[in-house]
Amino acid sequence: MQRPPAYDEILHPGEYLGMMGDGQLGRMFCHAAQAMGYKVIALGHEADGPTGQIAERHISADYESAEALQQMAESVRAITTEFENVPAQSLKQLSYTIRTTPAASAVAVVQDRISEKSFIRAMGVPVAEHADIRRMADLDTVDKTLFPGILKAARLGYDGKGQAIVNSLEEAKEAFKDLGEVECVLEAKLPLAYEVSVVLARNLQDAIVSYPVAVNHHINGILSSTTVYPGLVPDDLAAKAIDYAEMLASGLNYYGVMCVEFFVLDAAKLSPDHPTLVVNEIAPRPHNSGHYTMNATSCSQFEQQVRVMAGMPLGDTALLQPTIMLNILGDSWFIEDENQAKEPDWASVLALAGVSLHLYGKAEARHGRKMGHVNIINADIDKLYETAQKVSDILHLGAELNRK
Ligand code: ADP
Ligand code: MG
């Protein structure tokens, strides 16, 4: 029977690499892989979607399909994923015959908020106060200090979906019912000063590199902007975030690209012994808050993903220029007419210095749907913000770009 490559075997350009998933993250992975001469086979549901348009081959099937998994295993020697909800069982099955980065065991921990939080806490890293809610009765015993809180479905949430703000036990019960009584965590609503993330890569030789800490701004639960430049966050906080993220990656035996999202809390609104840096969640894949690496570093998060699965050394993560990433949602197509999509004014965006446009090839623009992003780089931080504001105005992004 075929065996996975030994950990020190290098898969050379020209080989096929496999991708579980076929959205925008898969697409940008393909671009990076192909730039280095690799070929990609993607498994998912959208043959003509963001990844399907780009990959050498697309397998249209469920992630559990035995036939599709076998086809994949026979066609590639390494596989990765672009979304955290890939069935861990499928990754496990693939791992018997092909290199699987990250491993099913690591993905399984972080794709469930209950096991994710208990793992993080067991590593000695702070998380929000919370309670595991498996059934309605669990709510009756929760500590009342968790209110006001956020009830989050343990699985399958993204972009703020599967969540409800709950101010009381009664509201929590109502929300639990609305979520279909699926397993949840009830988290205390914390006083956020701002949010940061660390994207890192860990390779098969156990080397780790982290990108600079990014400051993220969400609107309606969806990432709106990511800003990165030296001095934006205090050095000690940045060092601590990177330290925590790297500990978590090692603790998970993680191979591949991973993102850790953090909350930085407002100390004035907390008891003196409360930690001010807590982990929100871990994504076992490249992350929206790491898209800036495509233009602001010499090796993007997607190239790192390719390097890890190919058994290659990691790339450089140093920031070359101050940068702001702005997400483009489908709303930008409906500025003039709610019911009639109209192409945004790309030419005006591209007329600005230091701007790179990335679109995901999605056929239909919809409200709240991630369609692409713009990376802006500029050595001059005032000009960086000025350009970002112009991009936001042209595309009506409503980004809140307040220089701290
Ligand atoms: P998703 O999986 O959809 O990204 P998150 O758990 O990251 O969900 O929540 C989305 C956003 O909601 C966070 O980035 C943050 O702005 C806000 N949020 C989530 N949990 C809390 C909390 N415990 N306290 C305050 N704000 C929160
Ligand atoms: Mg999140």
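Above: the structure in question.
Now for a look at the structure at hand.

Our focus in this paragraph is the coordination of the magnesium ion (ligand 2). Note on metal geometry: ideal angles are 109.5 degrees for four donors arranged tetrahedrally and 90 or 180 degrees for six donors arranged octahedrally. At the metal site, the magnesium ion (ligand 2) is ligated by Glu261 (OE), Glu261 (OE) and Glu281 (OE), and these contacts range over 2.0 to 2.8 Å. With glutamate 261 in strand S14 (residues 256–265) and glutamate 281 in strand S15 (residues 277–283), this pair connects stretches of sequence that are 20 residues apart.

Across its 15 residues, helix H12 (residues 381–395) extends 21 Å between first and last C-alpha, which sits within 8% of the 21 Å expected from 1.5 Å per residue. For H12, the complete set of buried residues consists of Ile381, Leu384, Tyr385, Thr387, Ala388, Val391, Ser392 and Leu395. Along the axis of H12, the buried positions cluster into a sector of 165°, meaning they face one direction only. Close packing links the buried residues of H12 with strand S13 (222–228), strand S16 (323–329), helix H11 (346–350), strand S17 (355–359) and strand S18 (370–377). In the segment just after H12, histidine 396 is the residue with positive phi, at about 55°.

Turning to the sheet that holds strand S4 (residues 78–81), a few remarks are in order. Pairing is parallel across the open sheet formed by five strands, whose spatial order is S3-S2-S1-S4-S5. This sheet does not close on itself; its edge strands, each paired only once, are strand S3 (57–60) and strand S5 (99–100). Pairing of S4 with S5, which is carried by two bridges, proceeds in the parallel orientation. In the sheet register, isoleucine 79 faces S5, and the bridge partner there is threonine 100. Where helix H1 (residues 24–35) meets the sheet, it contacts strand S1 (16–20), strand S2 (39–44) and S4, and its direction lies at approximately 170° from that of S1. On top of the sheet, helix H10 (residues 301–310) reaches S1, S4 and S5; it is set at about 145° to S4, its chief contact.

Looking now at the packing of aromatic side chains. By the definition in use, this model includes three aromatic pairs. Pairing tyrosine 63 with phenylalanine 83 gives two aromatic rings, centres 5.0 Å apart and planes at 45°, and the pair type is tilted. On the criterion of sequence distance, the pair formed by tyrosine 63 in the loop between S3 and helix H2 (66–75) and phenylalanine 83 in the loop between S4 and helix H3 (88–95) is long-range, its members being 20 residues apart. Looking at tyrosine 63, the relative accessible area reads 14%, which means it is buried. Owing to a relative accessible area of 21%, phenylalanine 83 belongs among the partly exposed residues under this scheme. Consider the rings of tyrosine 229 and tyrosine 385, whose centres lie 6.2 Å apart with planes at 85°: the pair is edge-to-face. Taken together, the positions of tyrosine 229 in the loop between S13 and helix H8 (235–251) and tyrosine 385 in helix H12 put the pair 156 residues apart, joining distant regions of the chain. The class for tyrosine 385 is buried, based on a relative accessible area of 11%.

The residue isoleucine 328 is located in strand S16 in this model. Classification of isoleucine 328 as buried rests on a relative accessible area of 0%. Once the C-alpha coordinates of isoleucine 328 and valine 233 are considered, the two residues, 95 residues apart in sequence, prove to be 25 Å apart. When neighbours within four sequence positions are excluded, isoleucine 328 is seen to be in contact with Trp333, Trp346, Leu357, Leu359, Arg369, Lys370, Met371, Gly372, His373, Val374, Leu395 and Leu397.

Let us look at the side chain of glutamate 187. Within the fold, glutamate 187 resides in strand S9 (residues 184–188). Within the structure, glutamate 187 has its side chain in polar contact with the side chain of lysine 117 (distance 2.9 Å). Discounting chain neighbours no more than four positions away, the residues touching glutamate 187 are Lys117, Ala128, Glu129, His130, Leu146, Gly149, Ile150, Lys152 and Phe263.

Cut-offs used in this document
Residue positions are given per chain, counted from 1 along the sequence in the order it is written. Chains carry letters from A onward and ligands carry numbers from 1 onward, assigned in written order. Since the coordinates come from a predicted model, pLDDT governs what is reported: local features require at least 70, and pairs of side-chain atoms require 80 or more to be given and counted, while whole-chain, interface and lining totals use all residues. No hydrogens and no water enter the side-chain calculation; it runs on all heavy atoms of the structure. Here the coordinating atoms are restricted to nitrogen, oxygen and sulfur within 2.8 Å of the metal centre, or 3.2 Å for Na, K and Ca, and because water is not among them the sites may look incomplete. What counts as a helix is a DSSP run of H or I of at least four residues, what counts as a strand is a run of E of at least two, and both are numbered from the N terminus. Here the expected span of a helix is defined as 1.5 Å times the quantity of residues minus one. Only protein chains enter the accessibility calculation, which uses a 1.4 Å probe. A residue is then buried if its area is under 20% of the maximum for its type, exposed if over 50%, and partly exposed in between. Summarising the geometry, the arc corresponds to the directions from the helix axis toward the C-beta atoms. Any pair of residues with heavy atoms lying within 4.5 Å of one another is described as a contacting pair. Two strands qualify as a pair provided that DSSP identifies no fewer than 2 bridges between them. Under this scheme, a helix contributes an axis fitted over its contacting stretch, all axes are lines through C-alpha atoms, and angles between N-to-C directions fall in the 0 to 180 degree range. We call Phe, Tyr and Trp rings a pair once their centres come within 6.5 Å, taking the six-membered ring for Trp, and we label the pair stacked below 30 degrees between planes, edge-to-face above 60, and tilted otherwise. Identification of polar contacts relies on pairs of N or O atoms within 3.5 Å, with a donor-acceptor requirement for protein atoms, meaning one able to donate a hydrogen and the other able to accept it, and with residues adjacent in sequence counted only if both atoms are side-chain atoms.

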